[in-house]
Amino acid sequence: ETGVTQSPTHLIKTRGQQVTLRCSSQSGHNTVSWYQQALGQGPQFIFQYYREEENGRGNFPPRFSGLQFPNYSSELNVNALELDDSALYLCASSLYLGGGSETQYFGPGTRLLVL
Amino acid sequence: KNEVEQSPQNLTAQEGEFITINCSYSVGISALHWLQQHPGGGIVSLFMLSSGKKKHGRLIATINIQEKHSSLHITASHPRDSAVYICAPHTDKLIFGTGTRLQVFP
């Protein structure tokens, strides 16, 4: 158990729809990162939020957006879903204290299928 | 060329064998993470290291910053070690390798 939860666990949407995925971080963690993992691939960095501000973004289009809330929860929103958005979406929380890297605690993921 | 290369991609072993998984990367990093992913998706952080060696139970991770290479070793492997092991160097973000799928048979 990492103390990080995600909801829902599974989701089916159709092309063009919008989806919101949720993550609850470990209490006290000030940073949350979101990753997309396609089948058979390693995770790809989507973006990171630090103290409720976006703090880095991977190579994903603007229809991928996020929010981080003061209560250690966060959201990943994807608009205009495409078939290629079908993947496992992982969030990871950490406590950033400045300098270097920090241990990331991963949630179990949300498996999204776009039909 | 990928920024992170892991080898082997797939690995099978008999229970009790010594396992080595290698990771080479081409970017400057502040640290490197080794992660374990079980079927179903959950990822567990095994190690974060920026130099030298770390040991946790039967797992040992080493890194050579100059050679941009890290290894994960499992001593006395067990079927419950069966999982995908992912190397993830940290630049300004985590960059993930595609993983090494390990199966340990009794």
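Residues numbered from 1 in each chain as written. Chains lettered and ligands numbered in written order. Predicted model: local features only at pLDDT ≥ 70, side-chain atom pairs only at ≥ 80, totals over all residues. Heavy atoms only, no water.

A.B. asks: Help me understand the environment of V27 of chain B in this model?
C.D. replies: Residue and element names in this part refer to chain B. Relative to the assigned elements, V27 resides in the loop between strand 3 (19-25) and strand 4 (31-37). Taking C-alpha positions, V27 is 13 Å from C87, a pair spaced 60 residues apart along the chain. If we ignore the near neighbours within four places in the chain, the residues touching V27 are E3, K68, T91 and I95. (Helix = DSSP H or I, 4+ residues; strand = E, 2+ residues; numbered from the N terminus. Contact = heavy atoms within 4.5 Å.)

A.B. asks: Before we go on, may I ask you to explain the nonpolar core in this structure?
C.D. replies: Most often, soluble globular proteins keep nonpolar side chains buried together rather than apart. Counting residues in each nonpolar core, the largest one holds 23 residues, and the members touching the most others are L32, W34, L46, F47, L49, L72 and Y85 of chain B. Only strand 3, strand 4, strand 5 (43-49), strand 7 (59-64), strand 8 (69-74), strand 9 (83-90) and strand 10 (100-105) of chain B provide two or more residues apiece to this core. In terms of residue count, strand 3 of chain B provides more of this core than any other element does, 4 residues in total. Setting aside its immediate chain neighbours within four residues, L46 of chain B contacts W34, L35, Q36, L59, L72 and Y85 of chain B. Residues V19, W34, L81 and L112 of chain A belong to the second largest nonpolar core, which totals 19 residues. (Core = buried A, V, L, I, M, F, W, Y, C linked by side-chain atoms within 4.5 Å. Buried < 20%, exposed > 50% of the residue type's maximum accessible area, 1.4 Å probe, protein only.)

A.B. asks: Even after reading the chapter, I still don't get the pairing of strand 4 of chain B, so can you show me in this structure?
C.D. replies: The side chains of a regular strand alternate between both faces of the sheet. Residue and element names in this part refer to chain B. With 7 of 7 residues buried, strand 4 is to be regarded as a mostly interior element. Of the two faces of strand 4, the one carrying A31, H33, L35 and Q37 and the one carrying L32, W34 and Q36 are both buried. As paired strands, strand 4 and strand 9 are joined by 7 bridges and run antiparallel to one another. Looking at strand 9, one finds that Q36 is bridged to Y85. (Pairing = 2+ DSSP bridges.)

A.B. asks: How should I be thinking about unusual backbone geometry in this particular structure?
C.D. replies: Across the chain, the bulk of peptide bonds are trans and the bulk of non-glycine residues have phi less than zero. Following S7 of chain A, the chain continues to P8 of chain A via a peptide bond in cis, the omega torsion being -10°. For P8 of chain A, the location among the structural elements is in the loop between strand 1 (5-7) and strand 2 (10-13). For the bond from S7 of chain B to P8 of chain B, the omega torsion is -10°, close enough to zero to count as cis. Inspection of the secondary structure assignment puts P8 of chain B in the loop between strand 1 (4-7) and strand 2 (10-14). One non-glycine residue, Y72 of chain A, lies in positive phi territory at about 70°. Considering the arrangement of structural elements, one finds Y72 of chain A in the loop between strand 7 (64-68) and strand 8 (73-78). Unusually for a residue other than glycine, A76 of chain B sits at a positive phi of about 45°. We classify A76 of chain B as partly exposed; its relative accessible area is 44%.

A.B. asks: Explain the sheet that holds strand 9 of chain B to me, please; I cannot follow it from the model alone.
C.D. replies: Pairing between the strands of a sheet comes from backbone hydrogen bonds, and it takes one of two forms, parallel or antiparallel. Residues and elements named next belong to chain B. Strands sit in the order 2-10-9-4-5 across an open sheet of 5 strands; the sheet is mixed. In this open sheet, the two strands that pair with only one neighbour each are strand 2 and strand 5. On average, each strand axis in the sheet is inclined to that of its neighbour by 25°, with strand direction left out of account. Both strand 4 and strand 5 contribute to a ladder of 6 bridges, which runs antiparallel. Note on strand 5: the bridge partner recorded for H33 is M48. (Axes fitted to C-alpha atoms, helices over the stretch in contact; angles between N-to-C directions.)

A.B. asks: How do you make sense of the interface of chain B and chain A when you look at a structure like this?
C.D. replies: Interface size is commonly expressed as the accessible area that is lost once the parts come together. Across the contact, 18 residues belong to chain B and 18 residues belong to chain A. Summed over both partners, the interface of chain B with chain A buries about 1,400 Å², with 63% contributed by carbon and sulfur atoms. Taken together, the connections running from chain B to chain A amount to 1 residue pair in polar contact (both at pLDDT 80 or more). Its residues placed into classes, the side of chain B that touches chain A shows 7 nonpolar, 10 polar and 1 charged. (Buried area = accessible area lost by both parts, 1.4 Å probe. Polar contact = N/O pair within 3.5 Å; in protein donor to acceptor, adjacent residues only side chain to side chain. Nonpolar A, V, L, I, M, F, W, Y, C, P; charged D, E, K, R; others polar.)

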